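Listed below are the residues making up each chain.
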Amino acid sequence: MKPLLWSCLLLGLAGGCSVAVPAEDPAGAVQPGLDGKLEAAAAAADVPAALLKAIGYVETRWQMVDGEEHEGSQARYGVMGLGDERLARGAALLGRSADELKASPQLNLDAAAALLAEAGKAHGASVGSLMSWQEAVGVYSGIEDVDARKDYIGSVYGVLRSGASEHSEAGELIAQIAPHDLPELRLGLINVSSADYAAAIWRPSPNYNARPAGTRVSMVIIHSCEGGYAGCWGWLRNSAASASAHYVVKEDGAEITQLVRESDRAWHISAMYRCSLNDSVDCAKNGVSSNHFTVGIEHGGFASQAKWPASQIESSAKLTCDITRDHGIVRDRNHIVAHGRLQPETRTDPGANWPWAQYIDRVRALCSDGPGTGVSIIVDSNNANNDATKAKIELAGTWTSSTSTPGYYGSGYWSANTEAVSAPATFWFYLAADGAHAVDAWWTAGTNRAAAAPFVAYNAAGTELGRVSADQRANGSRWNQLGTWNFTRGWNRVVLSRWTTAGAVVIADALRVR
């Protein structure tokens, strides 16, 4: 599927774009920009032009999309994102075929305007009163979930209040809405914060089950909703969907919905894991349902869209940073993965235009030295996962690399027998300035672990700051605070010694400095 942004259609008329422009009725000849076409469609159907524009903006950001089926809901098409009953009804109102509405921007707009007019007539809306169209907008949405329908109405009227505009890369106006002086809607939505991510709203879905015992979350899957935000979360909490995701991120990034707790197994990817699709990473998971060990994030939008809003990318990156930090997930393209990469036979989302390099870099930046992230540096047991300018691990003596106990941070851990020998694992971290920092350690727990694993902190001058013994038989697969010390500028270190009661093992997995 190729994105068909309206600006591309304009270029296509001048021979600058290879996308074929569907033939249109003479009365709907292509004009320079979408704004005039929206206004013409609205005038012909006797609906408010600003309202039709706002609906189009909420649905697709005025992009000509070619959608995919999404978790039991049919694909959506065109500038107005028509699909399911709306596509069929719109075609019937115009006396045209559904395929014509999919291909022709003008017919797509005309059908949406006719649908809105039909809903407005049924609910007594007046062209001269935007506020009188609230019920009609809800009916037009086709959203069954009562709260999600209210959310959709609120989004449309929010665009009317704030105004909106889009321009092509060449600076040509695609469409615009002037701000309207309208009152805030009293929709009666009660928003409860998520327990996993405070910035998210908790809207529970029944479509989940427990993860298999001992399973550690080790990947984040990026999805596109193939539709708008409100319709997406509204559908995924409907038992009829038989699908869900952990989170849904709104197009403007201003809101995130959580549907399933991260500790539970959401139903967001219909594929067994195949490491051959993921650069031969984590091949031990081959044949395992990808839902078992992943967190799924849906994004309002389409795999076929030409660009993703910067504010949505930022909001999503903050969420992914939080998830990877809490579960010890490596921040790279093999652990933050596209849905379409792991299920290529039937999915392409989030599409070719998801800004992967920018996204991964932003997740990493937010999880390292960013204000308010609560994390300064993480030192992993695998130096390939470390930023060499800030973190490294150094081993002395005999240590064994392992992934045998689930719940490790990153891509594995080191273990060594306890004995009276000076052969430690040293977690080095660089600080740009003196200051007090809390230090946490991550390990995999087990009955053969040391009851008093010795951790010793040193500043950059090599002065011992303190030591603590940690019981690695318990509290595994989580961050455990060791203490807070005054470190100095330069390369500081925390040493995990093996010099403790014989007959056990110590685990060097990861260290967090915050």
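Quick notes on the rules
- Residues numbered from 1 in each chain as written.
- Predicted model: local features only at pLDDT ≥ 70, side-chain atom pairs only at ≥ 80, totals over all residues.
- Heavy atoms only, no water.
- Pairing = 2+ DSSP bridges.
- Helix = DSSP H or I, 4+ residues; strand = E, 2+ residues; numbered from the N terminus.
- Axes fitted to C-alpha atoms, helices over the stretch in contact; angles between N-to-C directions.
- Buried < 20%, exposed > 50% of the residue type's maximum accessible area, 1.4 Å probe, protein only.
- Expected span 1.5 Å × (residues − 1).
- Contact = heavy atoms within 4.5 Å.
- Polar contact = N/O pair within 3.5 Å; in protein donor to acceptor, adjacent residues only side chain to side chain.
- Disulfide = S-S within 2.5 Å.
- Phe/Tyr/Trp six-rings, centres within 6.5 Å; stacked < 30°, edge-to-face > 60°.
- Salt bridge = Lys/Arg side-chain N within 4 Å of Asp/Glu carboxyl O.

Trainee: Could you clarify how one ought to interpret the sheet that holds strand β18 (residues 413–417) in this entry?
Mentor: Backbone-to-backbone hydrogen bonds join strands into a sheet, with any given pair of strands oriented parallel or antiparallel. Reading across the sheet, the three strands line up as β17-β18-β25 and stay open at both edges, with antiparallel pairing between neighbours. Bordering the open sheet on either side are β17 (400–402) and β25 (505–508), each of which pairs with just one other strand. Across this sheet, the average inter-strand angle for adjacent strands is 35 degrees, counted without regard to direction. Where β17 lies against β18, three bridges are found, and the strand directions are antiparallel. Across the sheet, the residue bridging to S402 is Y413, located in β18.

Trainee: How should I be thinking about unusual backbone geometry in this particular structure?
Mentor: Generally, phi is negative for residues other than glycine and the peptide bonds are trans, each holding for most cases. Looking along the chain, the bond that leaves D349 and enters P350 is cis, with omega of 5 degrees. Looking at the secondary structure, you find P350 in the loop between α11 (339–342) and α12 (356–366). Phi is positive for D46, close to 60 degrees, though the residue is something other than glycine. Topologically, D46 is positioned in the loop between α2 (35–45) and α3 (49–60). Assessed through its relative accessible area of 52%, D46 is described here as exposed.

Trainee: Can you walk me through helix α8 (residues 146–162) in this structure?
Mentor: An α-helical segment advances 3.6 residues per turn. Residues three or four places apart therefore align on the same side. Between its terminal C-alpha atoms α8 stretches 24 Å, which fits the 24 Å expected from 17 residues at 1.5 Å a residue. Within α8, the full set of buried residues consists of A148, D151, Y152, I153, G154, S155, V156, Y157, V159 and L160. Buried positions along α8 lie against α3, α4 (84–94), α7 (134–141), β5 (164–167), β6 (173–177) and α9 (229–236). N-capping of α8 is provided by D145, with a side-chain oxygen placed 3.1 Å from the backbone N of D147.

Trainee: Hey, could you run me through the pairing of strand β20 (residues 435–442) in this one?
Mentor: One face of the sheet, then the other: side chains in a regular strand alternate in exactly this way. With six of eight residues buried, β20 is to be regarded as a mostly interior element. Alignment of β20 against strand β26 (residues 510–513), held across four bridges, turns out to be antiparallel. Bridge pairing links W442 to A510 in β26.

Trainee: Mind showing me how you'd approach the state of the cysteines here?
Mentor: Disulfide: a covalent bond formed between the sulfur atoms of two cysteine residues. Applying the stated criterion across every chain yields a total of three disulfides. Covalent S-S linkage joins C225 and C232, the inter-sulfur distance amounting to 2.3 Å. The sign of the S-S torsion, about -80 degrees, decides the handedness of the disulfide formed by C225 and C232: left-handed. Comparing C225 with C232 shows no difference in burial state: the two are buried.

Trainee: Help me out: how do you make sense of the environment of Y458 in this one?
Mentor: Structurally, Y458 can be placed in strand β21 (residues 453–458). Taking the C-alpha atoms as reference points, Y458 and V494, separated by 36 residues in sequence, lie 6.2 Å from one another. Each residue touching Y458, except ones within four places of it in the same chain, is listed here: T463, E464, L465, F487, N492, R493 and V495.

Trainee: I'm lost on the packing of aromatic side chains in this one. Help?
Mentor: To describe a pair of aromatic rings, you give the distance between the ring centres and the angle between the ring planes. Taken as a whole and judged by the stated rule, the model has 15 aromatic pairs. Where Y409 meets W479, the ring centres are 5.3 Å apart and the plane angle is 55 degrees; that geometry is what we call tilted. Here the residue Y409 occupies a position in the loop between β17 and β18, and W479 occupies one in strand β23 (residues 479–487), the gap between them amounting to 70 residues. The two residues Y409 and W479 agree in class, both being buried. Summarising the aromatic geometry, the rings of F429 and F487 are spaced 5.1 Å apart at their centres and angled 85 degrees between planes, so their arrangement reads as edge-to-face. Taken together, the positions of F429 in strand β19 (residues 425–431) and F487 in strand β23 put the pair 58 residues apart, joining distant regions of the chain. F487 shares its class with F429; the two are buried.

Trainee: Just checking my understanding: could you explain the environment of G188 for this structure?
Mentor: Relative to the helices and strands, G188 is located in the loop between β6 and β7 (200–202). Sequence-wise, G188 and D151 are 37 residues apart; in three dimensions their C-alpha atoms are separated by 9.9 Å.

Trainee: Help me understand the pairing of β18 in this model?
Mentor: Here four bridges tie β18 to β25, and the two strands are oriented antiparallel to one another. The residue of β25 that forms the bridge with A416 is V506.

Trainee: Looking at this model, I keep getting lost on the sheet that holds strand β14 (residues 336–338). Mind explaining?
Mentor: The mixed open sheet is built from six strands, whose spatial order is β7-β11-β10-β13-β9-β14. Every other strand in the sheet has two partners, leaving β7 and β14 as the edge strands with one partner each. When the angles between neighbouring strand axes are averaged without regard to direction, this sheet yields 25 degrees. The sheet contact formed by strand β9 (residues 219–222) and β14 spans three bridges and is parallel.

Trainee: Before we go on, may I ask you to explain the pattern of salt bridges in this structure?
Mentor: Tallied over the entire structure, the rule returns 23 salt bridges. Residue E184 pairs with R161 through a salt bridge whose shortest N-O separation is 3.3 Å. In this pair, E184 is assigned in the loop between β6 and β7 and R161 in helix α8, connecting sequence segments 23 residues apart. As a salt-bridge pair, D440 and R514 come within 2.5 Å of each other at their nearest N and O atoms. Of the two residues, D440 is situated in strand β20 and R514 in the segment after β26; the sequence distance between them amounts to 74 residues. Taken together, the shared-partner salt bridges connect D35, E39 and K53 into one network.

Just distances and angles here, no functional claims.
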